[in-house]
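The residues making up each chain are set out below.
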Amino acid sequence: MENLVDELLREFWLFQRIGSIGTAALVMLVCGVAVLNFFGLIGGLLTFFERKLAGWTNSRRGPNRVGPYGLVQFVADGLKLVLKEDIIPAAADRSYFKFAPYLVLLGTTLSFVVIPFGPTLIISDLNVGVFYLLATGSFTVVGLIMAGWASNNKWSLLGGMRSAAQIISYEIPNALAILLVVLMSGTMSMQGIIRAQAGGMHHWFLFSSPFSFLAFCIYFISAVAEINRIPFDIPEAESELVAGYNIEYSGMRFGAFFAAEFGNIYVVSAVAVTCFFGGWQLPMLGETEDLGRVGAAVGRFLAGPAVLMLVMIAAAPCAFLAWKASRAFIWDMRRKRPLFPSRFVRLNSELLFLAFVFASMALFLALHLPLRSRLPVIYTLIFVYLLPFLAFFAKAMLISFVILWWRWTLPRLRVDQLMGVCWRYLIPIGFVCLVGQGVWLCLFG
Amino acid sequence: MPLATEEMILNMGPHHPSTHGVLRFILRTDGEVIYRCRPDVGFLHRGLEKIAEMVTYPQFMPYTDRIDYLAAMNCNLGYAITVERLGGIEVPPRAEYVRVMVAELNRIISHLISVGTFALDIGAVTPFTHALREREWVNDLFEELCGARLTYHYFRFGGVAFDLPDGFLDRVTRFLDYFEPRLAQFNRLISTNKIFKERLVGVGVISAEEALGYALVGPNLRASGIDWDLRRDEPYAVYADLEFEVPVGSPEFGEVGDCYNRFWVRIREMEQSARIVRQCIARMPEGSHWNRSKKKLKLPPGEMYVRTEAPRGELGYYLISRGEDRPYRLKIRTGSFSAMSIVEKLASGIMVADLVALIASLDVIAPEIDR
């Protein structure tokens with residue numbers, strides 16, 4: 001973000017007019033909007049994905065009504081939650097009760113600031129990136145315990161207490177595993193960690209030593225525990241605590257908890273990808289930025305067709321929708337039926353969804369595009385933005401898939417067993433790994 | 001300085017998700033650990049025993065469906081046998097085999113619900129939906145047989161209401177061919193799961209003496225290592241002619257009498273029930289399905305106690321007749337009620353999560369407790 005502000009100030013007179021503070025504020029605003037949009041989109045898509053997955057494992061259907069394949073179901077659900085009555089129990093501590101869900105949400109959205117979606121697609125590449133992530137992750141626990149206490153419900157209180165004990169305990173193995181990554185890469189910056197894994201799949205930290213592989217296992221288990229997913233979902237264990245800390249919440253406040261939960265799934269997956277799976281680097285290739293330069297030299301001739309192809313890719317869903325709309329129109333006209341409004345509502349929701357996707361992508365890209373003027377735009381677009389972004393997204397989704405898959409396969413641990421896993425196994429193994437990796441680096445590094 | 005903690009009174013139920021109907025437990029806890037658990041039953045009391053004194057004998061048959069709505073066939077069976085023994089009503093052999101077949105099919109689906117909700121209470125959602133999927137098949141069969149999917153009202157004094165439809169036995173065989181591999185799949189999915197075992201082995205152990213002392217019955221009794229099954233030890237209907245094993249709790253599945261053993265006893269009982277159904281299909285005699293009498297049914301004065309092995313243990317009907325067309329008094333003894341009495345003893349000192357597992361393992365069902 002800092003580079004972006006500098007470049008904007010240097011290259012555009014408009015920004016020079018509003019000054020550095022004004023530009024920074026504007027960039028912050030746009031980045032914030034983009035991140036919130038992306039967060040909402042990812043959280044929503046993950047809920048859709050989870051429900052479909054639940055359908056597949058549980059021999060039922062999952063959402064299949066709103067939008068294509070039920071893809072827009074989450075928009076409808078979100079609207080429903082916004083419109084629902086917001087009930088605050090009479091005996092609740094009102095201000096804490098109201099504030100708690102947003103604190104949880106804040107922790108999640110703040111994490112998105114340092115997630116590197118591509119070589120340049122990062123809001124701020126802090127030099128203490130991973131450390132910052134660990135810190136923002138702790139916001140969640142404050143929110144949860146606040147919610148549990150303020151609800152003035154014994155089940156909520158138990159849920160809040162459980163979550164406090166659990167999240168604080170599991171932060172230790174989590175931090176140990178990440179410390180090992182910092183040891184290997186020599187930096188805490190997210191981009192630095194990714195660049196340290198450059199040069200193909202065998203350079204990924206996951207495969208570079210037995211200790212780092214173990215560290216990934218520790219990280220993954222403790223991350224699943226930190227975001228309260230089965231088999232570690234004891235703070236909201238529905239068969240024990242009814243709904244845990246969010247039992248008294250309704251409407252959008254409940255929605256905030258819910259969104260934070262799914263946002264967190266993406267965050268921990270993204271951190272796992274960054275730390276162990278080479279981040280946005282493609283599995284079989286080297287540094288994508290170099291590749292971009294080579295591609296630029298070779299492919300100036302192909303720029304025209306490539307642009308055409310991109311336009312076609314973007315136009316295809318619109319054309320499909322137009323075709324569907326016309327079909328629906330003809331179908332209604334032939335049968336001399338009045339135009340059924342819900343049909344158009346449905347189509348519009350699809351259009352709205354696509355517009356949302358394209359708008360948030362365009363917004364994010366528009367910030368960066370003119371600045372890389374040395375390369376043809378199209379190659380920057382493909383090699384610096386699109387491919388790394390897709391690689392990162394695919395890897396993160398794969399890990400999210402495992403988290404969702406566990407949810408629908410495994411039973412839940414008891415509280416004491418949960419703590420036992422952390423203190424008896426994960427933390428000692430984490431320390432051994434850390435020392436072992438140090439020795440490994442001395443011997444082979 | 002030791003930290004001062006305070007006892008908390010926690011009200012679990014009657015609308016708590018894992019209290020299987022409407023049960024209420026009043027827990028005195030220190031954080032997660034329960035000091036004392038007092039069950040508060042009666043939310044589903046419908047006065048069935050009093051209703052029995054108000055309606056005629058055949059009219060009470062549909063009420064028996066509601067004693068344990070997950071095993072309506074078994075409840076029908078006990079009541080039918082009680083009245084038939086007191087009235088000396090003959091049952092044709094075909095009806096006897098049909099009765100045993102549907103009772104065992106109902107035992108399978110009742111146990112499916114039991115183990116499915118058990119897994120659900122431990123936090124695994126998928127086994128529950130799989131169990132329901134298998135149950136649906138039997139529900140379809142029963143619907144074909146008598147038109148109802150839950151409260152069947154299929155039994156009559158002297159037989160069953162409807163003869164088997166054409167090809168019904170083939171469809172039951174097809175279900176069993178489908179079900180037995182599915183049960184193995186179910187075991188792979190949840191029964192042998194490491195976390196599931198960790199949660200249940202050694203939890204809520206009931207010794208054999210305690211089980212006898214608290215009058216536990218059915219799978220709960222057998223899981224404590226007592227080899228007692230009315231179908232084999234006091235045979236009724238045609239159970240004497242059929243071959244089956246009685247699964248008993250063993251150290252092979254954790255500690256004898258713990259939650260995990262109770263789970264496994266039910267799983268193995270389903271296998272045995274499938275075996276019994278197969279034998280019934282193989283031996284199904286031809287002939288009448290109902291020895292129907294046109295006269296209004298009046299039983300001679302006298303008393304009769306009949307107990308049968310329902311999915312939740314012994315289901316006893318104690319009938320007193322004064323020679324009228326309705327019972328003078330009908331007492332129903334159910335397995336869930338005695339199972340509830342032991343909860344208070346077992347629950348002190350365990351955690352809330354274990355209490356949930358304990359209730360699920362005892363397989364209590366609210367309508368059977370309250371009646």
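No experiment lies behind these values; they were computed from the predicted model shown.

## Brief notes about the overall build of chain A
Regarding its fold elements, chain A presents 16 helices and 0 strands. Relative to its full complement of 445 residues, chain A shows a buried share of 41%. The contacts in chain A between residues at least 6 apart in sequence include a share of 79% that link residues at least 24 apart.

## A word on the interface of chain B and chain A
Opposite the 27 residues of chain B that make contact, chain A presents 21 residues. For the side of chain B that touches chain A, the secondary-structure elements that each account for two or more residues are strand S1 (8–12), helix H4 (93–122), helix H5 (126–146), helix H7 (194–200) and helix H14 (352–362) of chain B. Classifying every residue of the side of chain B that touches chain A by side-chain character gives 14 nonpolar, 7 polar and 6 charged.

## Thoughts on helix H2 (residues 57–65) of chain B
Turning to H2(B), its buried residues are Tyr57(B), Met61(B), Tyr63(B), Thr64(B) and Asp65(B). Packing partners of the buried residues in H2(B) comprise helix H1 (48–54), helix H3 (72–87) and strand S4 (155–156) of chain B.

## Observations regarding the packing of H2(B) against H3(B)
Describing two packed helices takes the angle between their axes plus the distance from one axis to the other. Residue and element names in this part refer to chain B. Running from N to C, H2 and H3 cross one another at 150°; their axes reach a closest spacing of 8 Å. As the angle between them shows, H2 and H3 are arranged roughly antiparallel. In this structure, H2 meets H3 at a crossing whose hand is right-handed. Of the residues in H3, those in contact with Tyr-57, Met-61, Thr-64 and Asp-65 of H2 are Ala-72, Cys-75, Asn-76, Tyr-79 and Val-83. In terms of residue class, the contact of H2 with H3 is built from 6 nonpolar, 2 polar and 1 charged.

## Section: helix H11 (residues 251–276) of chain A
End to end, H11(A) covers 38 Å across 26 residues, agreeing with the expected 38 Å (1.5 Å per residue, within 8%). Note on H11(A): the residue one or two positions beyond its end, Gly278(A), has a positive phi of about 75°.

## Looking at the nonpolar core
The biggest cluster of nonpolar side chains holds 202 residues, and the ones touching the most others in it are Leu180(A), Tyr219(A), Ala272(A), Ala357(B) and Leu358(B). Non-local contacts of Tyr219(A), meaning those with residues more than four positions away in its chain, are made with Asn174(A), Ala177(A), Ile178(A) and Ala272(A).

## Structural notes on the sheet that holds strand S8 (residues 329–333) of chain B
Residue and element names in this part refer to chain B. The strand order across the open sheet built from 3 strands is S6-S7-S8, with neighbouring strands paired in antiparallel fashion. The open sheet has two edge strands with one neighbour each: strand S6 (302–310) and S8. Direction aside, neighbouring strands of the sheet carry axes that sit 10° apart on average. The pairing of S6 with strand S7 (residues 313–321) spans 9 bridges and is classified as antiparallel. Its bridge partner lying in S7, Ala-310 is registered against Gly-313. Running over the sheet, H3 touches S6 and S7 and is turned about 150° from S6.

## Focus on the environment of Ala272(A)
Residue and element names in this part refer to chain A. Take Ala-272: it is sitting in helix H11. A C-alpha to C-alpha distance of 9.2 Å links Ala-272 and Ile-178, two positions 94 residues apart in sequence. Those residues in contact with Ala-272 that lie beyond four places of it in its chain are Tyr-219, Phe-220, Ala-223, Phe-277 and Ile-399.

## Here's the deal with the environment of Pro119(A)
All names here are of chain A. Examined against the element boundaries, Pro-119 turns out to sit in the loop between helix H4 (94–111) and helix H5 (129–150). For Pro-119, a count of 21 C-beta atoms within 10 Å gives the class buried. In the structure, Pro-119 is positioned 13 residues away from Tyr-132 in sequence and 19 Å away in space, judged by C-alpha atoms.

## Remarks on the pairing of strand S3 (residues 33–40) of chain B
In this sheet, S3(B) lies alongside strand S2 (residues 24–30) of chain B in antiparallel orientation, the contact comprising 7 bridges. Bridging across to S3(B), Arg28(B) finds its partner in Arg36(B).

## Some details on the packing of helix H2 (residues 13–57) of chain A against helix H3 (residues 73–83) of chain A
All names here are of chain A. Look at H2 against H3: their axes get within 8 Å of each other, and the N-to-C directions meet at 110°. In terms of orientation, H2 and H3 fall into the roughly perpendicular class. As for the relative orientation of H2 and H3, their crossing is right-handed in sense. On H3, the residues touching Gly-44, Thr-47 and Phe-48 of H2 are Gln-73, Phe-74, Val-75 and Gly-78. Across the contact of H2 with H3, the residue classes break down as 3 nonpolar, 4 polar and no charged.

## What to know about the sheet that holds S3(B)
What holds strands together in a sheet is hydrogen bonding between their backbones, with the strands either parallel or antiparallel. Residue and element names in this part refer to chain B. Within the open sheet, the 3 strands sit side by side as S1-S2-S3. Their pairing is antiparallel. Looking along the sheet, the strands with just one partner apiece sit at the ends: S1 and S3. Averaged over all pairs of adjacent strands, the angle between their axes in this sheet comes to 20°, without regard to strand direction. Taken together, the 5 bridges between S1 and S2 define a ladder with antiparallel strand orientation. Bridging across to S2, Met-8 finds its partner in Thr-29.

Conventions we followed
- Just so you know, the residues in each chain are numbered from 1, in the order the chain's sequence is written.
- Following the order in which they are written, the chains are lettered starting with A and the ligands numbered starting with 1.
- The predicted origin of the model limits local features to residues at a pLDDT of at least 70 and limits the giving and counting of side-chain atom pairs to 80 or more, whereas totals for whole chains, interfaces and linings rest on all residues.
- Counting from the N terminus, the helices are the DSSP runs of H or I reaching at least four residues and the strands are the DSSP runs of E reaching at least two.
- Every C-beta atom is placed from the backbone, and the number of other C-beta atoms within 10 Å of a residue's own sets its class: buried at 20 or more, exposed at 12 or fewer, partly exposed in between.
- We call two residues in contact when their backbone-placed C-beta atoms lie within 7 Å.
- Residue polarity follows a fixed list, in which Ala, Val, Leu, Ile, Met, Phe, Trp, Tyr, Cys and Pro are nonpolar, Asp, Glu, Lys and Arg are charged, and the others, Gly among them, are polar.
- Between N-to-C directions, angles span 0 to 180 degrees; the directions come from axes that are lines fitted to C-alpha atoms, helices contributing only their stretch in contact.
- Oblique is the label for every angle not falling under 35 degrees (roughly parallel), over 145 degrees (roughly antiparallel), or within 65 to 115 degrees (roughly perpendicular).
- For any pair of crossing helices, the crossing counts as left-handed if the nearer helix is rotated counterclockwise from the farther one by less than a right angle, and right-handed if it is rotated clockwise.
- Expected helix span is computed as 1.5 Å times (number of residues minus one).
- Joined through C-beta atoms within 7 Å, a set of buried Ala, Val, Leu, Ile, Met, Phe, Trp, Tyr and Cys residues constitutes a nonpolar core.
- The pairing criterion for strands is at least two bridges between them, as found by DSSP.

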